[in-house]
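Residues per chain are reported as follows:
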Amino acid sequence: MPINGTRLNDRIARLAEFGQTPDGGVTRPTFTPAYLQAAQAVADWMSEAGLAVRRDAVGNLIGRREGDPAGLPAVALGSHIDTVLGGGRYDGALGVLSALEVAQALHEDGVSLRHPLEVISFIEEEGTRWATGMLGSRFMVGHISEEFVRERADRQGVTIREALAGAGLDPARFREAARTSDEFHAYVELHIEQSTVLESLGLPVGAVTGIAGPLFLALRLHGRADHAGATPMHLRRDALVAASQIVLVAQEAAATASSTAVATVGRLEVSPGAINVIPGEVFMTFDLRDIVEAQRDRLEHTVRAASERIATAAGLRYELEELTRHVPVPLPEHMVDTVSRSIEAAGLPVHRLPSGAGHDAQIMAEVTDTAMIFVRSREGISHNPREYSSPEDIVAGAEVLYHTVVALDRL
């Protein structure tokens with residue numbers, strides 16, 4: 001197998017230096033200096049791999065190798081290099097760098113493909129900066145409006161439009177990032193599993209059967225900030241107490257909705273935030289997921305109803321906003337079969353499993369046949385500096401990706 005495992009694992013370590021935190025993690029939100037430096041490193045490696053490199057209108061980084069004969073749609077491989085705050089070095093980056101290694105291995109071995117091959121590094125998959133995930137792939141399928149670009153701001157008040165301009169892009173041309181289904185033959189994303197299924201089975205890789213659909217909500221509770229010592233308990237309008245009750249409802253609802261439902265309150269901002277002042281306002285976010293849309297919708301209904309009931313009972317005003325909604329995506333059976341056969345071609349046992357996490361693959365599934373390959377995660381830890389996949393498992397995943405590309409090129 002032409003995969004150069006030393007080169008691949010070395011690049012993973014080198015990319016982690018951009019945005020590295022003291023505890024060994026990585027913080028690399030989209031378009032920050034660390035992100036732009038990392039993107040430049042990836043662009044340089046793309047050039048080394050013989051790919052023609054470009055940034056599209058919103059900053060998605062694309063390396064392309066033409067096929068023969070000309071005019072066929074592309075086999076695209078991709079993921080992302082942005083991270084959560086205090087994340088790990090493998091989430092997203094492993095998919096981009098494994099795709100790059102496959103492209104370089106094909107180039108160095110002189111392997112001809114009928115279809116063009118594209119390696120894509122999408123912007124803002126995590127949703128860390130603008131609280132909306134898979135942004136780059138959503139731009140690519142034409143889902144983002146001008147109003148959204150103009151008005152959606154990060155915690156510092158910087159809008160997507162302003163950030164695009166700051167990264168040297170023309171925000172007025174964002175629609176040029178959109179592509180059509182006739183440009184793609186297939187899309188494949190390799191990713192760490194972020195769970196313990198493969199580890200529990202002693203397997204390095206797996207074929208993904210479907211992707212859970214994330215739903216992000218933002219809730220703002222308006223109470224009244226009063227003196228903590230002078231205000232009797234029965235006269236308080238404490239926004240944090242109400243928020244705490246809603247969090248518990250969400251947790252219980254997810255635990256009982258289904259075996260695959262999850263609910264997370266990832267942000268909780270309390271104002272004014274003084275030790276001797278009753279919290280007058282709380283901002284919080286919900287991340288609700290399930291691999292079955294109807295089950296997730298029941299979870300959402302419970303959270304919405306609880307927000308209204310608890311806020312009203314506490315004498316609070318509330319605003320509940322939907323930030324992002326994606327439907328769960330079953331992956332095409334023939335694509336899952338192709339990955340499964342590629343796992344066998346790499347001399348490994350086959351296991352099929354769903355993805356509880358969201359990925360750019362579920363967005364790309366709207367315009368082309370899509371597949372995913374999972375690589376084993378130690379203890380299932382992700383979005384954490386302790387995130388880890390072994391060098392051997394990483395090479396195994398890249399080998400499966402290589403076989404998958406060759407197989408898809410023949411279809």
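These figures come from a predicted structure and were not determined experimentally. (Residues numbered from 1 in each chain as written. Predicted model: local features only at pLDDT ≥ 70, side-chain atom pairs only at ≥ 80, totals over all residues. Heavy atoms only, no water.)

Draft legend 1. The arrangement of helix α12 (residues 391-410) in detail. Taking 1.5 Å per residue, 20 residues should reach 28 Å; α12 reaches 29 Å between its end C-alpha atoms and fits that length. Most of α12 is tucked away, with 15 of its 20 residues classed as buried. (Helix = DSSP H or I, 4+ residues; strand = E, 2+ residues; numbered from the N terminus. Expected span 1.5 Å × (residues − 1). Buried < 20%, exposed > 50% of the residue type's maximum accessible area, 1.4 Å probe, protein only.)

Draft legend 2. Inspection of the packing of helix α1 (residues 5-15) against helix α2 (residues 33-48) at higher detail. Close contact between α1 and α2 brings their axes to 10 Å; oriented N to C, the two are set at 155°. Relative to α2, the element α1 lies roughly antiparallel. The two elements α1 and α2 meet at a crossing, and its hand is right-handed. On α2, the residues that touch Arg 11, Arg 14 and Leu 15 of α1 are Ala 38, Val 42, Trp 45 and Glu 48. (Axes fitted to C-alpha atoms, helices over the stretch in contact; angles between N-to-C directions. Parallel < 35°, antiparallel > 145°, perpendicular 65-115°, else oblique. Left-handed = near helix turned anticlockwise from the far one by under 90°. Contact = heavy atoms within 4.5 Å.)

Draft legend 3. Region of interest: the packing of aromatic side chains. Taken as a whole and judged by the stated rule, the model has 4 aromatic pairs. Taking the centre distance of 5.9 Å and the plane angle of 70° together, the rings of Phe 139 and Phe 174 count as edge-to-face. Here the residue Phe 139 occupies a position in helix α4 (residues 135-140), and Phe 174 occupies one in the loop between α6 (160-166) and β5 (184-192), the gap between them amounting to 35 residues. Accessibility assignment for this pair places Phe 139 and Phe 174 in one class, buried. For the cation-ring pair, Arg 138 lies above Phe 148, with the distance from its terminal atom to the ring centre recorded as 5.8 Å. (Phe/Tyr/Trp six-rings, centres within 6.5 Å; stacked < 30°, edge-to-face > 60°. Lys NZ or Arg CZ within 6 Å of the ring centre and 35° of its normal.)

Draft legend 4. Broad picture of the environment of Phe 286. Within the element layout of this structure, Phe 286 appears in strand β10 (residues 281-290). On the basis of relative accessible area, Phe 286 is assigned to the buried category, the value being 2%. As for Phe 286 and Ala 250, which are separated by 36 residues in sequence, their C-alpha atoms are 8.6 Å apart. Setting aside anything within four residues of it in sequence, one finds Phe 286 in contact with Leu 215, Phe 216, Leu 217, Leu 219, Ile 246, Ala 250, Thr 264, Val 265 and Val 303.

Draft legend 5. Structural context of the nonpolar core. Of all hydrophobic cores here, the largest spans 96 residues; its most connected members are Phe 31, Val 42, Leu 77 and Phe 139. Every residue in contact with Val 42, bar those within four places of it in the chain, is listed here: Leu 15, Leu 61, Ile 81, Val 96, Leu 97 and Leu 100. Core analysis: the second largest hydrophobic core is formed by 23 residues, Leu 215, Leu 299, Val 303 and Ile 310 among them. (Core = buried A, V, L, I, M, F, W, Y, C linked by side-chain atoms within 4.5 Å.)

Draft legend 6. How the structure looks around the environment of Ala 93. Inspection of the secondary structure assignment puts Ala 93 in helix α3 (residues 93-108). For the pair Ala 93 and Glu 321, spaced 228 residues apart in the sequence, the C-alpha separation amounts to 31 Å.

Draft legend 7. Molecular detail of unusual backbone geometry. Looking along the chain, the bond that leaves Asp 68 and enters Pro 69 is cis, with omega of 15°. Among the structural elements, Pro 69 can be located in the loop between β2 (61-65) and β3 (74-80). Cis geometry is found at the peptide bond from Ser 271 to Pro 272, where omega equals 10°. A positive phi angle, near 55°, is found at Ala 131, a position not held by glycine. With respect to the helices and strands, Ala 131 occurs in the loop between β4 (117-122) and α4. For Ala 131, a relative accessible area of 18% corresponds to the buried category. Its identity is not glycine, yet His 383 carries a phi of approximately 55°, on the positive side. By secondary structure assignment, the location of His 383 is in the loop between β14 (370-375) and α12.

Draft legend 8. Structural view of the pattern of salt bridges. Tallied over the entire structure, the rule returns 25 salt bridges. Salt-bridge contacts for Glu 151 lead to Arg 150; the nearest nitrogen and oxygen are separated by 3.6 Å. For Arg 150, a relative accessible area of 41% gives the class partly exposed. Taking the shortest distance from any N to any O, the salt bridge between Arg 325 and Glu 322 comes out at 2.8 Å. Sharing partners across several salt bridges, the network here consists of Arg 296, Asp 297, Glu 300, Arg 304, Glu 322 and Arg 325. (Salt bridge = Lys/Arg side-chain N within 4 Å of Asp/Glu carboxyl O.)

Draft legend 9. Representation of the pairing of strand β1 (residues 52-55) within the structure. Examined bridge by bridge, β1 and β2 share 4 bridges and lie antiparallel to one another. Counterpart to Arg 55 in the pairing with β2 is Leu 61. (Pairing = 2+ DSSP bridges.)

Draft legend 10. Structural view of helix α8 (residues 239-257). With 19 residues, α8 should cover 27 Å at 1.5 Å per step; its first-to-last C-alpha distance of 27 Å lies within 8% of that length. Listing the buried residues of α8 in full gives Ala 239, Ala 242, Ala 243, Ile 246, Ala 250, Ala 253 and Ala 254. For α8, the buried positions fall inside an angular range of 110° around the axis, keeping them on one side. In α8, those exposed residues whose orientation departs by more than 90 degrees from the buried face are Leu 248, Glu 252, Ala 255 and Thr 256. Among the structural elements, β7 (213-222), β8 (262-264), β9 (268-271), β10 and α9 (293-313) are those in contact with the buried residues of α8. The N-terminus of α8 is capped by Asp 238, whose side-chain oxygen sits 2.9 Å from the backbone nitrogen of Leu 240. (Arc of directions from axis to C-beta. Polar contact = N/O pair within 3.5 Å; in protein donor to acceptor, adjacent residues only side chain to side chain.)

Draft legend 11. Just the packing of α2 against α3, in detail. Orientation of α2 relative to α3, taken along the N-to-C sense of each, is 20°, at an axis distance of 9 Å. With respect to their mutual orientation, α2 and α3 come out roughly parallel. The two elements α2 and α3 meet at a crossing, and its hand is left-handed. Residues Val 42, Trp 45, Met 46 and Glu 48 of α2 form the contact with α3, whose participating residues are Val 96, Leu 97, Leu 100, Gln 104 and His 107. The class makeup of the residues in the contact of α2 with α3 is 6 nonpolar, 2 polar and 1 charged. (Nonpolar A, V, L, I, M, F, W, Y, C, P; charged D, E, K, R; others polar.)

Without other data, these values stay purely geometric and don't point to any function.
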